[in-house]
Amino acid sequence: MGKERFVIIGGGRVGGVLAYHLQTAGFGVTGIVETSEQRRRRLQTLFPQIPLSQNLPSEWIPACDCLLICVPDDAIPALVQQLQAHRTFWKHHILAHTSGILPASILQPLKTAFVYLASVHPIFSFSTRPPSQHSLGGVYFDLEGDREAVAWFRSVITRLGGRCLTVTARQKKAIHLASVFYSNFLVGIVEGAQQILKQAGLSPPFHLEPFLPLVQATLENLSTLPPIEALTGPLKRGDVSTVRAHLEWLRQHLPSWFPVYTAICQALLPSLDLPPEKRHQLNRLFEKPWNGSDTP
Ligand SMILES: NC(=O)c1ccc[n+]([C@@H]2O[C@H](COP(=O)([O-])OP(=O)(O)OC[C@H]3O[C@@H](n4cnc5c(N)ncnc54)[C@H](OP(=O)(O)O)[C@@H]3O)[C@@H](O)[C@H]2O)c1
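Bear in mind the structure is a predicted one, so any value in this text is a computation, not a measurement.

Participant: Explain the overall build of the protein to me, please; I cannot follow it from the model alone.
Facilitator: Of regular secondary structure, the protein possesses eleven helices and eight strands. Relative to the globule expectation of 19 Å for 296 residues, the C-alpha radius of gyration of the protein, 24 Å, shows a markedly less compact shape. Taken along its principal axes, the extent of the C-alpha atoms in the protein is 70 × 40 × 35 Å. Across the 296 residues of the protein, 24% fall into the buried class. A fraction of 60% describes how many contacts in the protein between residues 6 or more apart in sequence connect residues 24 or more apart.

If you want it as structure tokens, here you go:
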């Protein structure tokens, strides 16, 4: 099996973790391009043997098989423009990016004969923790683009211990949106829960630990049941007075989280099997103009 060689552009959270795991799995990482000086210093410590540069040196191109772009989504169009200066150097290369939302075709201006394009999106949350603390075992990557590039990456990802999902550009957008619900909003909801507990005077050790069995049971339920069947709680039961008490508490103590509660309930309500009267009462509660004179 050949030793595929990568140049990574953007050595941030994703670029750093991929560089680490590619190296560990026996691939070559022949250079990292990173504009941030602070990040270059961190990369120097993490990967003392990998050459670093602020811009892509042309001589790096013949010495790699794949140029993997891991810069923020908004920086990709300008980077593509810059990379056009290197077009004459591409020969049998794979050009790819890790953006969740952008299609492989954003790289189309770089396409020449025998150059294959892909988008390679890890469905994962990369934090600022050290790269070695991120395991890619079992992580899904959604792949889209030229058939040759997608097949090439399927082999690379499998060797990294990851799993592949070949998708269309439209499906890819939906996967990214769903990932925001699964990850970012989940974190947002946990922040809301902890603000509620803090507001009620509970100390930090009790902001998470007492709730972990509840969270774990919910995740277990979700692994075997559709979400509406896994749902429990006052909305599912149609306990109008309990929902009203929650809303009153939020209105008084944490008004910025009030619309979060009502928006989630309103989105769930049409899927719930409730008697029409309960549904009507709940709907009225969510639509009510909650102001000082409006006693719930
Ligand atoms: N983080 C995640 O969990 C995650 C998961 C899946 C996919 N992704 C995707 O992966 C990509 C990178 O995300 P990230 O979270 O790793 O971003 P990040 O931590 O901000 O890292 C990106 C790095 O690229 C640098 N950069 C910007 N423009 C550059 C250029 N022209 N040449 C070289 N370096 C450049 C940035 O420097 P400056 O800070 O100076 O701009 C930054 O250090 C994005 O497309 C994102 O959608 C992220």
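Participant: Just to check I follow, could you spell out the site of the ligand for this structure?
Facilitator: Inspection of the region around the ligand gives 25 residues, with Gly-10, Gly-12, Val-14, Ser-36 and Ser-99 positioned closest. It is helix α1 (residues 13-24) that provides the largest number of residues to the shell around the ligand, a total of three residues. Class assignment for the residues of the shell around the ligand results in eleven nonpolar, ten polar and four charged.

Participant: When you look at the packing of helix α9 (residues 240-253) against helix α11 (residues 276-287) in this model, what are you seeing that I'm missing?
Facilitator: The description of two packed helices rests on the angle between their axes and on the distance between the axes. Orientation of α9 relative to α11, taken along the N-to-C sense of each, is 10°, at an axis distance of 10 Å. Of the possible angle classes, the one that applies to α9 and α11 is roughly parallel. On the side of α9, the interface is formed by Val-240, Val-243, Arg-244 and Leu-247, while α11 contributes Lys-278, Gln-281, Leu-282 and Leu-285. Split into classes, the residues belonging to the contact of α9 with α11 amount to five nonpolar, one polar and two charged.

Participant: Before we go on, may I ask you to explain the nonpolar core in this structure?
Facilitator: In globular proteins that are soluble, nonpolar side chains generally tend to be buried together. Ranked by size, the top nonpolar core spans 41 residues in total, and within it Ile-8, Ile-9, Leu-68, Ala-96, Ala-118, Ala-149 and Phe-153 carry the most contacts. With residues near it in sequence (within four places) discarded, Phe-153 still touches Ala-96, Ala-118, Val-120 and Leu-143.

Participant: Honestly, the environment of Ser-105 in this entry has me stumped. Any pointers?
Facilitator: Tracing the backbone through its elements, the reader meets Ser-105 in the loop between β5 (93-97) and β6 (115-122). Among the residues examined, Ser-105 registers 14 C-beta atoms within 10 Å and is labelled partly exposed. C-alpha of Ser-105 to C-alpha of Ser-119: the two residues are 14 residues apart in sequence and 8.5 Å apart in space.

Participant: Looking at this structure, how should I read the pairing of strand β4 (residues 66-69)?
Facilitator: Each regular strand displays side chains that alternate between the two surfaces of the sheet. Where burial is concerned, the two faces of β4 agree: the one with Cys-66 and Leu-68 and the one with Leu-67 and Ile-69 are both buried. Across four bridges, the pairing between strand β1 (residues 5-9) and β4 is parallel. What sits directly across from Ile-9, in β4, is Ile-69. In this structure, β4 lies alongside β5, joined through four bridges in parallel fashion. In the strand pairing of β5, Cys-66 is matched with Ile-94. You can see the chain leave β4, run along helix α3 (residues 76-83) and come back into β5, and the turn it takes is right-handed.

Conventions adopted
- Each chain has its residues counted from 1, following the order in which its sequence is written.
- With the structure being a predicted model, the display of local features is reserved for residues of pLDDT at least 70 and the display and counting of side-chain atom pairs for 80 or more, all residues being used for whole-chain, interface and lining totals.
- Numbering of helices and strands starts at the N terminus; helices are DSSP runs of H or I of at least 4 residues and strands are runs of E of at least 2.
- Note on method: radius of gyration uses C-alpha positions; expected globular size equals 2.2 Å times residues raised to 0.38.
- We call a residue exposed when 12 or fewer other C-beta atoms sit within 10 Å of its C-beta, buried when the count reaches 20 or more, and partly exposed for counts in between; the C-beta positions come from the backbone.
- Residue pairs qualify as contacts under a 7 Å threshold applied to their C-beta atoms, which are placed from the backbone.
- Each residue receives a C-beta atom placed from its backbone. It is near a molecule or strand if this atom lies within 6 Å of it.
- In this classification, the charged set is Asp, Glu, Lys and Arg, the nonpolar set is Ala, Val, Leu, Ile, Met, Phe, Trp, Tyr, Cys and Pro, and all remaining amino acids, among them Gly, are polar.
- Interaxial angle, 0 to 180 degrees, is taken between N-to-C directions of lines fitted to C-alpha atoms, where a helix line uses only the stretch in contact.
- Any angle that falls under 35 degrees is termed roughly parallel, while one over 145 is termed roughly antiparallel, one within 65 to 115 roughly perpendicular, and all others oblique.
- Put simply, a nonpolar core is buried Ala, Val, Leu, Ile, Met, Phe, Trp, Tyr and Cys residues tied into one set by C-beta atoms within 7 Å.
- At least two bridges found by DSSP between two strands is the condition for calling them paired.
- Handedness rule for crossovers: strands pointing away from the viewer, path from the first strand over the helix to the second running clockwise, crossover right-handed.

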